[in-house]
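Next come the chains, spelled out residue by residue.
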Amino acid sequence: MKNKLSKILFLFLLFSLFIVISATADDENIFNTYDNALGGFFGPIAGSGLSHQHWFGKVGFQYAAGLFYYPEEQELYAISPYYTADPVNVDEFTYNIGVEVQYMLYEDSYGDWFDGCLYLFLGGMHIGVMRTTYYYEEVTVNPEDGSPYKEYRNTSVSEPVYVPGLAGGLGFGFELVFFDHFSVPFEIGIGGTWEFGSIMPVDAGLNPQAGIRYRF
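Scoring rules and cut-offs
In every chain, residue numbers begin from 1 and rise along the written sequence. Note on the predicted model: pLDDT of at least 70 is required for a residue's local features to be given, and 80 or more for side-chain atom pairs to be given and counted; whole-chain, interface and lining totals, by contrast, use all residues. Here the side-chain values reflect all heavy atoms present in the structure, with hydrogen atoms and water set aside. Secondary structure is summarised from DSSP: a helix means a run of H or I of at least four residues, a strand means a run of E of at least two, and numbering begins at the N terminus for each. A contact between two residues is defined here by any heavy atoms of the two lying within 4.5 Å. Only protein chains enter the calculation, and the probe is 1.4 Å; a residue is then buried if its accessible area is under 20% of its type maximum, exposed if over 50%, and partly exposed in between. Here a polar contact means two N or O atoms within 3.5 Å. Within protein one must be a hydrogen donor candidate and the other an acceptor candidate, and residues neighboring in sequence count only if both atoms are side-chain atoms. Every residue is assigned a pLDDT by the predictor, reflecting its confidence on a scale from 0 to 100. Between any two strands, at least two bridges found by DSSP are needed for them to pair.

Notes on the overall build of the protein chain
Scanning the protein chain for helices and strands turns up 3 helices and 9 strands. Long-range pairs, those at least 24 residues apart, make up 64% of the contacts in the protein chain between residues at least 6 apart in sequence.

A closer look at the side chain of T133
The residue T133 is located in strand β5 (residues 114-141) in this model. Judged by relative accessible area, which is 12%, T133 ranks as buried. Polar contacts involving the side chain of T133 include one to the side chain of N89, which spans 2.7 Å. When neighbours within four sequence positions are excluded, T133 is seen to be in contact with P87, V88, N89, S156, V157 and S158.

What about the confidence of the model for the protein chain?
Chain-level pLDDT for the protein chain is 84 on average; 82% of the residues reach the 70-or-more range. Here residues 4-9 is a poorly scored stretch, pLDDT under 50, and it has 0 contacts once near neighbours within four places are set aside; other chains count. The model gives residues 18-26 a pLDDT under 50, and that stretch makes 8 contacts with residues more than four places away or in other chains.

Topic: unusual backbone geometry
You will see that F179, though not glycine, has its phi angle at about 55°, which is positive. Structurally, F179 is set in the loop between β7 (161-178) and β8 (182-195). A positive phi angle, near 70°, is found at D180, a position not held by glycine.

What about the pairing of strand β1 (residues 36-42)?
In summary, the side chains of a regular strand alternate between the two faces of the sheet. Pairing between β1 and strand β2 (residues 49-56): 6 bridges, direction antiparallel. Residue N36 lies in a different strand from β2, and its bridge partner there is H54. The turn joining β1 and β2, which pair antiparallel and follow one another in sequence, is formed by 6 residues; a positive phi near 105° is taken by G47. In the sheet, β1 pairs with strand β9 (residues 203-215) via 6 bridges, with the strands oriented antiparallel. Opposite F42, over in β9, you have A210 as the bridge partner.

Here is the structure:
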């Protein structure tokens, strides 16, 4: 009896969702009127940097690309002593190119100043980093006026090595639009990141993504 009731409830929810989506598709909405958006986006699944998004009806495409340079990282890890003898990998320069496919489930307008939509997404990203490895060794220090103690001094630094990688994932997102143009997308997805030559992901889990764009 419970299984039959669960199936009926599930079918009813699917039917209700279909009705809502169908009714939404027939109505004019802000995402059809201003179907392009340009701005910035941050995401470990779909890319971080300059972003462009376009809606083709209920199907959307998003692109993001960015370059990042962290010169302060090199100065930080080159300083001795450090707190461990383990080698430290430092990514001083990174770039990423991401793409995302979206499917709009629901949209609505709340007055003349606020619109919103709910959508599913599937995203992927290519990553490249220039990585330097810092090596340390344990040294015992014997001060004249105190007890001996251990510290870890930098002994060598590797040449920068290029490490490519891929990331991917899926999830759902909300896009909030204020005054017809100012867009704030927010997404939650499950994804992972793999480096070249590695079977196991170097990072995996639940990832938030967000951005600020201008819709036109």
